[in-house]
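Each chain, letter by letter, is given below.
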Amino acid sequence: MLTGEIKNKVDKIWETFWTGGITNPLTVIEQFTYLIFIKSLDDKQMQSEKEASILGVKPKIIFDKNHEDLRWHNFKEFEAERMYDTVANKVFPFIKSLNGNSGSSFAKYMGDAIFVIPTPIMLQKIVTGIDGLVLEGDVKGDLYEYLLSKLSTSGTNGQFRTPRHIIKMMVELVKPTPSDIIIDPACGTSGFLIGASEYLKNNHGDLFNSEELKHHYQNTMFHGNDMDSTMLRIGTMNMVLHDVENPQISYRDSLSKGNTDRERYTLVLANPPFKGSLDAESVAEDLLRISNTKRTEILFLSLMLRILKNGGRCAVIVPDGVLFGSTKAHKSIREKIVEKNKLEAVISMPSGVFKPYAGVSTAILIFTKTSIGGTDNVWFYDMEADGYSLDDKREKIENSDIEDIIKRYHNIENENTRERTEKSFLVPKLEIAENNYDLSINRYKEIEYEEIEYEAPEKIIEKIRELEKEVYVGLDKIEKLVK
């Protein structure tokens, strides 16, 4: 969550775009992202040069000696006219030619990128503003989230930006491995794919010692589909900045007949759009065979079962309605996951998690595709706090269940003795089946009511009379004052 000084600086840069005549929020985000990307490339090379000089090895070069003027730390010192000419006519074409493989998603989506900042003075102000931002660690991701929060259309298509701490929790629950083939079928800014790549770097750093695993990580591990070209560009740049050289990001409607993926992936991480319905004629027929519906949230679950290999895992955010909806399609998809696969967990999240975009109630489903069943006991957790206030401000607070969720999930053997009144507990498959495969936690949780003893009615009435007397005394005093 972007707060304080850096938020004020970003707002000031945004205002520079706005007053300079670029008022379309998507265009602002795109141009903002290009410049951050250009700066990050130089930062990355500077870091590599610094490490290389210490270790006595060759640095990883992005800008060679013939392109020194194109480096951020050099052109930011140019006077406005020269800076504009350099960025518009040299730097921008240069970054479009990076990752020269024309088949790469980077080349594909940067190919039609356009530099639209209109004047040298405006560019100079924006470059100076961005140069003052400290973009280390998670700040870059938070910056993207903050910029995206400015889109007035956010949420209108059921596309809610997933908070990074929720992504991190989901990734830590499913623990990606170096051999996984990972997909987000509605990838947006690639948040889940980046979350998985960061987890692998932090927990399986030795994968980079194997040429085979390193090649897999850079080229064939991460897959994403989306239908918004701007998001695809931002998502691809985001992945490249996080050291995934050739992510497989595609312009594709995952639910359409054109998507022929079947049993291809070992891990799905997603928060697919879950609003509205689709034209049945455009939806792949085999998805409709699993659940005959037009509802996107159910069709995406059917898609995940189709594209996962047997043994593949899935962590997906769904709206509450999927857990207890009474239509044939709702019940059918829940039954399919419980009876034909292995449902591991249902984590109910508080409704403020997606604010300020929406107050929708959601849950995380975690399951493994087996095609032959395997569900025994399903683990339920009632998340009450995620470390941020649940209002539109989403300010950081101390109370958070996330650490507890990860700890309990990975020590599931200790959950057998928990009572239904606790935050987490296990529910046998048979009981879920007897309840029409209802997966809402309220169906199984027991609530303990505390007995409250009130005073006798006569005593309460006496107190009210005393209060009324005080009111009349006060009114008498006011009346004397105003006469």
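Quantities reported herein were computed from a predicted structural model and do not represent experimental measurements.

Caption draft 1: Structural context of unusual backbone geometry. Although it is not a glycine, E263 sits at a positive phi angle of roughly 45 degrees. Assignment of secondary structure puts E263 in the loop between strand 3 (248–251) and strand 4 (265–270). The phi dihedral of R394 is positive, around 50 degrees, even though this residue is not glycine. Among the residues examined, R394 registers a relative accessible area of 2% and is labelled buried.

Caption draft 2: Spotlight on the nonpolar core. Ranked by size, the top nonpolar core spans 48 residues in total, and within it F17, F32, L35, F37, F75, I95 and I117 carry the most contacts. Here the element with the most residues in this core is helix 2 (residues 25–55); it accounts for nine residues. If we skip the residues at most four places from it in the chain, F32 touches V10, I13, F17, I130, L133 and L147.

Caption draft 3: Expanded view of helix 11 (residues 229–241). Between its terminal C-alpha atoms helix 11 stretches 18 Å, which fits the 18 Å expected from 13 residues at 1.5 Å a residue. Burial of helix 11 is extensive: 12 of the 13 residues sit out of reach of the surface. Taken from the residues just after helix 11, D243 is the one with a positive phi, measuring 75 degrees.

Caption draft 4: Layout of empty space enclosed by the protein. Counted under the stated rule, the structure contains one cavity of 30 Å³ or more. The computed volume of the largest cavity comes to approximately 30 Å³. Lining the largest cavity, in full, are P272, F274, E297, F300, L301, V316, I317, V318 and P319. Of all the elements in the fold, those that place two or more residues in the lining of the largest cavity are helix 13 (296–307) and strand 5 (308–319). In terms of residue class, the lining of the largest cavity is made up of eight nonpolar, no polar and one charged.

Caption draft 5: Spatial organisation of the pattern of salt bridges. For the structure shown, the criterion picks out 32 salt bridges. For R313, the salt bridge is made with D180, and the minimal N-O distance between the two is 2.9 Å. Note that R313 is positioned in strand 5 and D180 in the loop between helix 8 (164–174) and strand 1 (182–184), a separation of 133 residues in sequence. We note that R313, like D180, is buried. For R306, the salt bridge is made with D286, and the minimal N-O distance between the two is 3.0 Å.

Caption draft 6: Looking closely at the packing of aromatic side chains. The final tally for this structure, using the stated rule, is 12 aromatic pairs. Geometrically, the ring pair formed by F380 and F425 is stacked, given 6.1 Å between the ring centres and 15 degrees between the ring planes. One end of the pair, F380, is in strand 8 (residues 377–382); the other, F425, is in strand 11 (residues 424–428), and 45 residues separate them in sequence. Just as F380 is buried, F425 falls in that class too. Aromatic rings pair up to connect Y34, Y84, F92 and F115 into one cluster.

Rules of the game
Residues numbered from 1 in each chain as written. Predicted model: local features only at pLDDT ≥ 70, side-chain atom pairs only at ≥ 80, totals over all residues. Heavy atoms only, no water. Helix = DSSP H or I, 4+ residues; strand = E, 2+ residues; numbered from the N terminus. Buried < 20%, exposed > 50% of the residue type's maximum accessible area, 1.4 Å probe, protein only. Core = buried A, V, L, I, M, F, W, Y, C linked by side-chain atoms within 4.5 Å. Contact = heavy atoms within 4.5 Å. Expected span 1.5 Å × (residues − 1). 1 Å grid on protein atoms, 1.4 Å probe; cavity = no way out; pocket = protein on both sides within 12 Å on 5 of 7 lines; lining within 4 Å. Points joined across faces, edges and corners; volume = space filled by probe spheres on them. Nonpolar A, V, L, I, M, F, W, Y, C, P; charged D, E, K, R; others polar. Salt bridge = Lys/Arg side-chain N within 4 Å of Asp/Glu carboxyl O. Phe/Tyr/Trp six-rings, centres within 6.5 Å; stacked < 30°, edge-to-face > 60°.

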